[in-house]
Each structure stands twice: as structure tokens, then as C-alpha cells.
Amino acid sequence: MLSVHGRKPAAVVVEPVARGLIKAGLTPNTVTVVGTVLTIAVAVVLIPTGHLFAAAVLSGLFAAFDMVDGTMARMRGGGTKFGATLDASCDRITDGALFSAITWWLIYSVNAHPALVAASFSVIVSSQVISYVKARGEASGFKMVGGLIERPERLILGLGGIGLAGLGVPYALEVAIWVLAVGSVYTVGQRLRIASQSPVGQEKIAAPAGAKDFSK
């Protein structure tokens with residue numbers, strides 16, 4: 001949702017930063033990797049130790065590199081297929097690190113209810129599946145645009161939840177986790193439905209190498 005509609009307003013801030021990084025001699029891929037390493041470090045160090053508000057602020061700042069590197073690539077004449085693959089892979093890694101750290105904190109720091117821990121685990125799994133369905137679908141020729149919970153919504157709700165929890169707001173993280181859990185599962189179904197209703201959804205595919213082809 002926000003990934004479709006939120007780029008133009010963000011460009012006011014992102015574009016000057018991207019120009020500055022290009023002038024400094026950095027490449028989009030370098031920015032992608034640096035942003036990933038910093039985001040992971042913040043998540044796995046600060047969240048398990050209970051520094052939730054600082055983790056939310058810094059993770060949000062470093063996660064913004066996800067928009068900066070793409071803008072840099074376009075300013076340099078367009079991105080590469082490797083750059084797109086690197087960016088998508090790093091997104092999956094940082095999402096996994098963030099929500100794994102949150103789950104760790106729920107289990108070992110606050111002794112959360114097992115249902116909440118299960119919901120947090122479901123966010124980890126479903127967030128990866130959401131992205132995989134889109135990637136696999138687009139590789140098969142589907143047009144996979146939008147969805148209820150995409151990466152921006154996931155980060156806003158997740159970081160907002162831990163940030164408010166760090167400020168002492170009761171049930172902020174619990175609400176965020178449950179909204180993400182339900183919304184993410186819904187989004188998986190939503191994207192699968194888009195694929196099933198696509199005009200190319202029923203096209204035949206070739207059998208894998210070495211498999212017997214019973215159509216002949």
C-alpha cells in the first residue's frame with residue numbers, strides 16, 4: 001500500500017540524500033549493504049537488551065536506506081538486475097533479524113504469553129512468504145501490485161510498536177504484533193488470489209529437468 005503511494009512525498013528528503021551519497025563516491029549496492037548491516041546490528045543488540053525506543057528510531061533511520069539506494073540507482077541511469085536481487089535479499093534478511101529480535105525479547109525479557117509469541121513467529125514466516133509470492137509471481141509473468149501489509153506497513157507497525165513499548169505505552173507492541181500477524185496472513189492469501197485470477201495463472205509450465213512428462 002504505502003510502497004505504491006508513499007514514494008513521491010518521501011522523494012523530497014530521499015533525493016537530496018541520494019545525490020550527496022553519489023557525490024561522495026558511494027554506489028547503490030554499497031549503501032544497500034551498509035544499511036543492512038547497521039539495521040541488523042541495531043536490532044540484535046538493542047532490542048534483546050531492552051533499549052526499544054532507541055532501536056525503533058535507529059532501525060527506522062537505517063531502513064530508509066532502502067529508498068535511498070533505489071533513488072541513487074535511478075539517478076545513475078538505472079539499476080542492475082544484480083542490484084535489485086541484492087536489495088530484495090537484504091530486505092528479507094533485515095526483516096527477519098528485526099522480528100526475530102522482537103520475538104527473542106518477548107520470550108526472554110517479558111515472558112510473553114505463548115499466543116503472542118506464536119503470533120510473532122507467524123509474522124516472521126508470513127513476511128517472507130509475502131515477498132516470495134510476489135517475486136515468484138512476477139517471475140511467472142503475473143502483475144503483483146499492492147497488498148494490505150507490504151514492507152513499509154510492516155516496518156511502521158513493528159518499529160512503532162517497539163518504540164511505544166519503549167516509552168512505556170501499555171500493549172502497544174502486543175497490538176502491533178497481532179495486527180501484523182492477521183494482516184500478513186491475509187496478504188499472503190490476497191496475493192495468491194491475485195495470482196489465481198491472473199490471465200496467465202492457468203498457463204502450463206514445463207516439467208522440471210529429469211521429470212517424466214505425462215502430457216506426451
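Residues numbered from 1 in each chain as written. Predicted model: local features only at pLDDT ≥ 70, side-chain atom pairs only at ≥ 80, totals over all residues. Heavy atoms only, no water.

## A few points about the overall build of the chain
Point 1. Helix and strand content of the chain: nine helices and zero strands.
Point 2. Written out in order from the N terminus, the α and β elements of the chain read α-α-α-α-α-α-α-α-α.
Point 3. On the principal axes, the C-alpha backbone points of the chain span a range of 65 × 50 × 30 Å.
Point 4. Counting across all 216 residues of the chain, residues that qualify as buried make up 38%.
Point 5. Expressed as a percentage of contacts within the chain between residues at least 6 apart in sequence, the contacts between residues at least 24 apart total 79%. (Helix = DSSP H or I, 4+ residues; strand = E, 2+ residues; numbered from the N terminus. Buried < 20%, exposed > 50% of the residue type's maximum accessible area, 1.4 Å probe, protein only. Contact = heavy atoms within 4.5 Å.)

## Considerations on the nonpolar core
Point 1. Ile47, Leu98, Phe99, Ile102, Leu106, Ile162 and Leu173 are the most contacted members of the largest nonpolar core, which has 29 residues in total.
Point 2. Put simply, the parts of the chain that give this core at least two residues each are helix 3 (28-46), helix 4 (52-63), helix 6 (81-108), helix 7 (114-139), helix 8 (151-166) and helix 9 (172-197).
Point 3. If you tally residues by element for this core, the top one is helix 6, at six residues.
Point 4. Beyond its immediate chain neighbours, meaning those up to four positions away, leucine 106 contacts Asn111, Ala112, Leu116, Ser120 and Leu173. (Core = buried A, V, L, I, M, F, W, Y, C linked by side-chain atoms within 4.5 Å.)

## Details of the side chain of threonine 71
Point 1. With respect to the helices, strands and loops of the structure, threonine 71 is situated in helix 5 (residues 65-75).
Point 2. At a separation of 2.9 Å, a polar atom in the side chain of threonine 71 contacts the main-chain carbonyl oxygen of methionine 67.
Point 3. For threonine 71, the contacting residues outside a window of four places in its chain are Val14, Glu15 and Ala18. (Polar contact = N/O pair within 3.5 Å; in protein donor to acceptor, adjacent residues only side chain to side chain.)

## A few points about the UniProt feature "active site" (unreviewed entry) in the chain
Point 1. According to UniProt, the "active site" (unreviewed entry) feature falls on Asp91.
Point 2. Note on placement: aspartate 91 falls in helix 6.
Point 3. Aspartate 91 gets classed as buried once you look at its relative accessible area, which sits at 10%.
Point 4. Beyond its immediate stretch of four places on either side in the chain, aspartate 91 contacts Asp66 and Arg151. (UniProt positions renumbered as here; feature names shortened; annotations may be inferred.)

## A word on the pattern of salt bridges
Point 1. In total, this model carries six salt bridges according to the counting rule given.
Point 2. Between aspartate 95 and arginine 151 there is a salt bridge, and its shortest N-O distance comes to 2.9 Å. With aspartate 95 in helix 6 and arginine 151 in helix 8, this residue pair connects regions lying 56 residues apart in the sequence. The exposure classification of aspartate 95 matches that of arginine 151, with both residues buried. (Salt bridge = Lys/Arg side-chain N within 4 Å of Asp/Glu carboxyl O.)

## Focus on the packing of aromatic side chains
Point 1. All told, the structure shown has one aromatic pair when counted by the stated rule.
Point 2. The interplanar angle of 45° and the centroid separation of 4.6 Å between the aromatic rings of tryptophan 104 and tyrosine 108 together place this pair among those described as tilted. Taken together, the residues tryptophan 104 and tyrosine 108, both in helix 6 and four residues apart, mark about one turn of the helix.
Point 3. Note on tyrosine 108: relative accessible area 59%, which makes it exposed. (Phe/Tyr/Trp six-rings, centres within 6.5 Å; stacked < 30°, edge-to-face > 60°.)

## A look at the environment of leucine 61
Point 1. Within the secondary structure layout, leucine 61 lies in helix 4.
Point 2. Sequence-wise, leucine 61 and glutamine 190 are 129 residues apart; in three dimensions their C-alpha atoms are separated by 30 Å.

## So, the environment of tryptophan 105
Point 1. In this structure, tryptophan 105 sits in helix 6.
Point 2. Here tryptophan 105 falls in the buried class, since its relative accessible area comes to 15%.
Point 3. C-alpha of tryptophan 105 to C-alpha of isoleucine 47: the two residues are 58 residues apart in sequence and 6.6 Å apart in space.

## Notes on helix 7
Point 1. For helix 7, spanning 26 residues, the distance from its first C-alpha to its last is 37 Å, which sits close to the expected 38 Å at 1.5 Å a residue.
Point 2. Each element contacted by the buried residues of helix 7 is listed here: helix 6, helix 8 and helix 9.
Point 3. Downstream of helix 7 by one or two residues, glycine 141 has phi in the positive range, about 100°. (Expected span 1.5 Å × (residues − 1).)

## What to know about the UniProt feature "binding site: Mg(2+) 1" (unreviewed entry) in the chain
Point 1. The UniProt entry lists Asp66, Asp69 and Asp87 under the feature "binding site: Mg(2+) 1" (unreviewed entry), expressed in the numbering used here. Taken along the chain, the residues just named run across 22 residues; in space they keep tight, none of their C-alpha pairs more than 8.5 Å apart.
Point 2. If you trace the backbone, aspartate 69 turns up in helix 5.
Point 3. Residue class for aspartate 69 comes out buried when judged on its relative accessible area of 5%.
Point 4. Those residues in contact with aspartate 69, other than ones at most four positions away along the chain, are Pro28, Val31, Thr32 and Asp87.
Point 5. In this structure, aspartate 87 sits in helix 6.
Point 6. Discounting chain neighbours no more than four positions away, the residues touching aspartate 87 are Thr32, Asp66 and Asp69.

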